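# Topology and contacts: notes
Now for the letters of each chain:
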Amino acid sequence: MLLTVDNMNVYYGAIHAIKGISFEVAEGEIVTLIGANGAGKSTTLKTVSGLLRSKTGSITFLDKDIGNVPPHKLVAQGLAHVPEGRRVFLQMTVEENLEMGAYTRKTGADSHMEKVYALFPRLKERRRQIAGTLSGGEQQMLAMGRALMSDPKLMMLDEPSMGLAPILVDQIFDIIKDLHKAGTTILLVEQNAQMALSVADRGYVLETGKIVKSAPAKDLLNDAAVKAAYLGG
Amino acid sequence: MVIFLTRLINGISLGSVYAIIALGYTMVYGIAKMLNFAHGDVIMVGAYVCFFAISTYHLNPVVGVLLAMVVCTLLGMVIERLAYKPLRQAPSLAVLITAIGVSYFLQNGAQLLWGSNNKMFPAFLKGDALQLMDGQLRVSVTTVVNVVVCVVVMLALTWFTGQTKMGKAMRACSEDKGAAQLMGINVDTTISMTFAIGSALAAVAGVLYMSSYPILVPTTGSMPGIKAFTAAVFGGIGSIPGALLGGLLLGVIEIFAGGYISTQLQNAIVFAVLIVVLLVRPTGLLGKQIREKV
Ligand SMILES: Nc1ncnc2c1ncn2[C@@H]1O[C@H](COP(=O)(O)OP(=O)(O)OP(=O)(O)O)[C@@H](O)[C@H]1O
Ligand SMILES: [Mg+2]
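### Concerning the overall build of chain A
Each helix and strand counted, chain A has 10 helices and 10 strands in total. For 233 residues, the compact-globule estimate of 2.2 N^0.38 gives 17 Å, and the C-alpha radius of gyration of chain A, at 17 Å, lies within 12% of that figure. The principal-axis extent of the C-alpha atoms belonging to chain A is close to 45 × 40 × 35 Å. Relative to its full complement of 233 residues, chain A shows a buried share of 52%. Expressed as a percentage of contacts within chain A between residues at least 6 apart in sequence, the contacts between residues at least 24 apart total 66%.

Shown next as structure tokens:
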């Protein structure tokens, strides 16, 4: 397993946001975590990347326990997290944002930037533009491109389709498929369950901090309860 | 006309020193989102170090400045590590009160170590004044040095934050610490570096300030500290060009107010102008429209 989360419990003060969940992601998979607003999807990703801590259990990435590793050390180990709301550096240029994505790389940042530009030609056109002036879709591309700069083994995406027009959502998902084909393992968090399940191998359904279902994505797409709750009937 | 120009030049000279100090406030604010009220007292420590290097140990003034920079850099990093880092998650009021505490600690520490009596900082910037306009206008060596140092510091910082990896990481941290961590940037190291740079600049500013106001006491840093803080707010706290603009304007306003109105009201006028500017533009002259903290 590339990533194994065992018995994760996360609290915000007195709020028990994640209640003992366990899940895993194998190399080469796209795994999705779906759930309603406030189910704890973002909290889960933040805990894996070290921004939050689990009170119990363990998080194993590439056979190492990363439960106490500070977030800035995980990038170099091959874990990239594209946070919810994109969080690009708005006052920096597109190129500077990408450079920040390669912050921990000793070599190869330049050639890697060309790869990212090949994947997102739009970013190349706008390389000198300040990120704050990009459209929402372009910012999402930048956030993903920035994460790719570290050449991650596992890429965690938190709601990449949020706030985007349908055509852009399709574009973003095409890119996710391309990345997957190129060998990147992906943990995808989405409210757009339809889209997420259509690209994923497996899915977990999160409800108020608990995993209530885990199955191959195809099965979840046909599951009556999932259909009713997340796929619009 | 000559009087006007002389005052303008003196204002720019003083303002250059304020600008260098203001940079320390503004950089720390930009990244740690806190007002480091002890910054002025770091200036004082730098001045003492340089004073002893020159007067007691008869070292070259340049060596004295370098020593002061080293000591202040370490001091700034230690202050951050011991006093502010444990309060990273604390409410901003707690941080502010701590900073005031550090300020008193440094002043009292200086008094204990070096006594409270005046020390006369030796005049170390010697040389003939530049003569302009057939000798009517004189520009002292101090003025030239202040302005040149200020320009060099400005250019160096602009280069650093715009071109170097560490400098860009600082800008990333000042925008979004969480996202910066996800890039692999060590936020603690970056904050520590910011204090180091700001404090090194404080040492330089302290020595320059002494060449215009050579009486050294443990509270020497307070007034230029508060003025430079005002300058940073005036220009837009968090903004590097804002610190330069604010510093220069503050210096010029101060000298004009003293020259044309009254030396007794000088400081009152300076702060009155600040209040008016903040009423009209709450984020300062070059400040961005950002969330309020502190
Ligand atoms: N900083 C915080 N302080 C307190 N409670 C929080 C905080 N962040 C999240 N929560 C709570 O934790 C729970 C899980 O939040 P989380 O952001 O992980 O949900 P989510 O599944 O990502 O939702 P969304 O789809 O809206 O992004 C929610 O009840 C939320 O209110
Ligand atoms: Mg979320």
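That shown, we press on.
### Thoughts on the coordination of the magnesium ion (ligand 2)
Protein ligation of the magnesium ion (ligand 2) involves Ser42 of chain A (OG) and Glu84 of chain A (OE), the donor distances falling in the range 1.9 to 2.2 Å. Highlighted residues: Ser42 of chain A in helix H1 (residues 41-48) and Glu84 of chain A in the loop between strand E6 (79-82) and helix H3 (94-101), separated in sequence by 42 residues.

### Brief notes about the site of ligand 1
Residue and element names in this part refer to chain A. Taken together, 14 residues lie around ligand 1, and Asn37, Gly38, Lys41, Ser42 and Thr43 are the ones closest in. Between ligand 1 and the protein, one listed contact pairs an oxygen atom with a backbone N or O atom of Ala39 at 3.2 Å. Protein coverage of the free-state accessible area of ligand 1, which is 630 Å², stands at 63%. Among the secondary structure elements, those contributing two or more residues to the shell around ligand 1 are strand E2 (15-25) and H1.

### Structural notes on the nonpolar core
In this structure, Tyr84, Phe121 and Ile185 of chain B are the most contacted members of the largest nonpolar core, which totals 87 residues. Residues Leu98, Leu134, Ala143 and Phe173 of chain A belong to the second largest nonpolar core, which totals 46 residues.

### What about the pairing of strand E7 (residues 154-158) of chain A?
Residue and element names in this part refer to chain A. Counting buried positions over the five residues of E7 gives five, a clear majority of the element. Both E6 and E7 contribute to a ladder of four bridges, which runs parallel. Of the residues in E7, the one forming a bridge with Leu79 is Leu154. Sheet analysis places E7 next to strand E8 (residues 185-190), joined by five bridges and oriented parallel. Considered in E8, the bridge of Met155 is made with Ile186.

### Brief notes about the sheet that holds E2 of chain A
Adjacent strands of a sheet pair through backbone hydrogen bonds, lying either parallel or antiparallel. Residue and element names in this part refer to chain A. If you walk across this open sheet you meet the four strands as E2-E1-E4-E5, and the pairing is antiparallel. Both outer strands of the open sheet, E2 and strand E5 (64-65), are each paired with one neighbouring strand and no more. As paired strands, strand E1 (residues 3-12) and E2 are joined by eight bridges and run antiparallel to one another. Residue pairing in the sheet places Met8 in a bridge with Ile21 of E2.

### Brief notes about the pattern of salt bridges
Considering all chains together, one arrives at 16 salt bridges over all chains under this definition. Where Arg87 of chain A meets Asp176 of chain B, a salt bridge forms, and the shortest distance between an N and an O atom there is 2.5 Å. Remark: Asp176 of chain B occurs in the loop between helix H6 (165-175) and helix H7 (177-182) and Arg87 of chain A occurs in the loop between E6 and H3; the pair is interchain, linking two chains. Judged by relative accessible area, Asp176 of chain B falls into the buried class, the value being 15%. One salt bridge connects Asp188 of chain B with Arg88 of chain B, and the closest N-O pair in it is separated by 2.5 Å. You can see Asp188 of chain B sitting in helix H8 (residues 187-212) and its partner Arg88 of chain B sitting in the loop between helix H3 (61-84) and helix H4 (92-114), a full 100 residues away along the chain. Classification of Asp188 of chain B by relative accessible area gives partly exposed; the value is 33%. A relative accessible area of 29% places Arg88 of chain B in the partly exposed class. Connected through salt bridges with shared partners, the residues Glu80, Lys85, Arg88 and Asp188 of chain B form a single ionic network.

### Structural notes on the sheet that holds strand E9 (residues 202-207) of chain A
All names here are of chain A. In spatial order, the strands read E6-E7-E8-E3-E9-E10; together these six strands make up an open sheet with mixed pairing. A single partner strand is all that each edge strand has here, and the edge strands are E6 and strand E10 (210-216). Direction aside, the axes of adjacent strands within the sheet are offset by 15 degrees on average. On the sheet, H1 packs against strand E3 (30-35), E6, E7, E8 and E9 and is oriented at approximately 150 degrees with respect to E7.

### Notes on the confidence of the model for chain B
Residue and element names in this part refer to chain B. Across chain B, pLDDT averages 92, with 98% of residues at or above 70. When mean pLDDT is taken per element in chain B, H3 scores highest with 97 and strand E2 (residues 130-132) scores lowest with 83. At the level of chain-chain contacts, confidence expressed as ipTM amounts to 0.93, with global pTM at 0.91.

### A few points about the packing of aromatic side chains
Scanning all chains against the criterion turns up 13 aromatic pairs over all chains. The interplanar angle of 45 degrees and the centroid separation of 6.0 Å between the aromatic rings of Phe52 of chain B and Trp114 of chain B together place this pair among those described as tilted. Residue Phe52 of chain B is found in helix H2 (residues 39-56), and its partner Trp114 of chain B is found in helix H4; the two are separated by 62 residues along the sequence. In this structure Trp114 of chain B comes out as partly exposed when scored by relative accessible area, which is 23%. Grouping aromatic residues by their ring pairs yields a cluster made of Tyr48, Phe51, Phe52, Trp114, Phe121 and Phe124 of chain B. For Lys55 of chain A, the ring lying beneath its charged end belongs to Tyr11 of chain A, and the centroid distance is 4.5 Å. Lying over the aromatic face of Phe89 of chain A, Arg146 of chain A brings its terminal NZ or CZ to 4.9 Å of the ring centre.

### Overview of the interface of chain A and chain B
Every contact between the two is made by 22 residues of chain A and, on the other side, 19 residues of chain B. Of the roughly 2,000 Å² buried at the junction of chain A and chain B (both faces included), carbon and sulfur atoms supply 60%. Three residues stand out in chain A for area buried against chain B, namely His72, Phe89 and Tyr103 of chain A, and they jointly supply 34% of the buried area on that side. There are three salt bridges connecting chain A and chain B. Counting the contacts that link chain A with chain B gives seven residue pairs in polar contact (both at pLDDT 80 or more). Those elements giving two or more residues to the side of chain A that touches chain B turn out to be helix H2 (71-74) and H3 of chain A. Here the element with the most residues in the side of chain A that touches chain B is H3 of chain A; it accounts for four residues. Taken together, the residues that form the side of chain A that touches chain B break down as 11 nonpolar, six polar and five charged.

### With respect to the state of the cysteines
Residue and element names in this part refer to chain B. For the structure shown, the criterion picks out zero disulfides over all chains. Of all cysteine sulfurs, the one in Cys72 lies closest to Cys50, which takes part in no disulfide; the gap is 10 Å. The exposure class assigned to Cys50 is buried, which follows from its relative accessible area of 0%.

Cut-offs used in this document
Residues numbered from 1 in each chain as written. Chains lettered and ligands numbered in written order. Predicted model: local features only at pLDDT ≥ 70, side-chain atom pairs only at ≥ 80, totals over all residues. Heavy atoms only, no water. Helix = DSSP H or I, 4+ residues; strand = E, 2+ residues; numbered from the N terminus. Rg over C-alpha atoms; globule rule 2.2 N^0.38 Å. Buried < 20%, exposed > 50% of the residue type's maximum accessible area, 1.4 Å probe, protein only. Contact = heavy atoms within 4.5 Å. Donors = N, O, S within 2.8 Å, 3.2 Å for Na, K, Ca; no water. Near = heavy atom within 4 Å. Polar contact = N/O pair within 3.5 Å; in protein donor to acceptor, adjacent residues only side chain to side chain. Areas by Shrake-Rupley, 256 points an atom, 1.4 Å probe, with all protein chains shown as cover. Core = buried A, V, L, I, M, F, W, Y, C linked by side-chain atoms within 4.5 Å. Pairing = 2+ DSSP bridges. Salt bridge = Lys/Arg side-chain N within 4 Å of Asp/Glu carboxyl O. Axes fitted to C-alpha atoms, helices over the stretch in contact; angles between N-to-C directions. pLDDT = per-residue confidence, 0-100. Phe/Tyr/Trp six-rings, centres within 6.5 Å; stacked < 30°, edge-to-face > 60°. Lys NZ or Arg CZ within 6 Å of the ring centre and 35° of its normal. Buried area = accessible area lost by both parts, 1.4 Å probe. Nonpolar A, V, L, I, M, F, W, Y, C, P; charged D, E, K, R; others polar. Disulfide = S-S within 2.5 Å.

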